[in-house]
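Below are the chains, spelled out letter by letter.
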Amino acid sequence: RGAGLQFTATLNYRSDRLDEIGSDAARDIWYREETQLDISGAKRLQGPMEAFVRLNNLLDTPEQRTIGAPGSPTARARFYETYGRSFLFGFRYTY
């Protein structure tokens, strides 16, 4: 048997993407690029007991939407929100 250790890291990247087509390019609505990093791990303890940890949204990249293409001189913010990081630690008993 192994050491009973499990580790996962997930990195998701989404580039700028068009959400809605406006009456002209300056009125198009875009989602800005975003990157999310999540890490989880678990360690088997004695018997059926396991300790685990989950770390979500470690980069805390904001969700942003703009009116006009991102990076263009006429682009302006329409929406900006961050969701924060979250951490979960615990023990799991499997019977």
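This section reports on the structure supplied with the text. This structure is a prediction, so every number in the text was calculated from the model and none was measured.

**Side note on the pattern of salt bridges**
Using the criterion set out here, one finds seven salt bridges in the structure. Note that arginine 44 is salt-bridged to glutamate 50, the shortest N-O span being 4.0 Å. You can call glutamate 50 buried: its relative accessible area is 12%. When salt bridges that share partners are traced, they join Arg14, Arg17 and Glu34 into one network.

**Here's the deal with the sheet that holds strand β3 (residues 29–31)**
What the four strands build is an open sheet, ordered β2-β3-β6-β7; its pairing is antiparallel. The open sheet is flanked by β2 (17–20) and β7 (76–81), the only strands paired with a single partner. Across this sheet, the average inter-strand angle for adjacent strands is 30 degrees, counted without regard to direction. For strand β6 (residues 63–67) and β7, the ladder comprises five bridges, and the chain directions are antiparallel. Opposite glutamate 63, over in β7, you have glutamate 81 as the bridge partner.

**Examining the sheet that holds strand β8 (residues 86–93)**
Hydrogen bonds between backbone groups are what pair the strands of a sheet, and the pairing can be parallel or antiparallel. The four strands lie next to each other as β1-β4-β5-β8, forming an open sheet whose pairing is antiparallel. With partners counted over all chains shown, the strands left at the sheet margins are β1 (5–14) and β8, one partner each. Recorded for the sheet is a direction-independent mean angle of 10 degrees between the axes of neighbouring strands. Pairing geometry for strand β5 (residues 49–56) and β8, over eight bridges, is antiparallel. Its bridge partner lying in β8, valine 53 is registered against phenylalanine 89.

**Brief notes about unusual backbone geometry**
The residue asparagine 57 is not glycine, and still its phi comes out positive at about 55 degrees. You can call asparagine 57 buried: its relative accessible area is 9%. Despite not being glycine, aspartate 60 shows a phi value in the positive range, around 50 degrees. In this structure, aspartate 60 sits in the loop between β5 and β6.

The rules behind the values
- Residues numbered from 1 in each chain as written.
- Predicted model: local features only at pLDDT ≥ 70, side-chain atom pairs only at ≥ 80, totals over all residues.
- Heavy atoms only, no water.
- Salt bridge = Lys/Arg side-chain N within 4 Å of Asp/Glu carboxyl O.
- Buried < 20%, exposed > 50% of the residue type's maximum accessible area, 1.4 Å probe, protein only.
- Pairing = 2+ DSSP bridges.
- Helix = DSSP H or I, 4+ residues; strand = E, 2+ residues; numbered from the N terminus.
- Axes fitted to C-alpha atoms, helices over the stretch in contact; angles between N-to-C directions.

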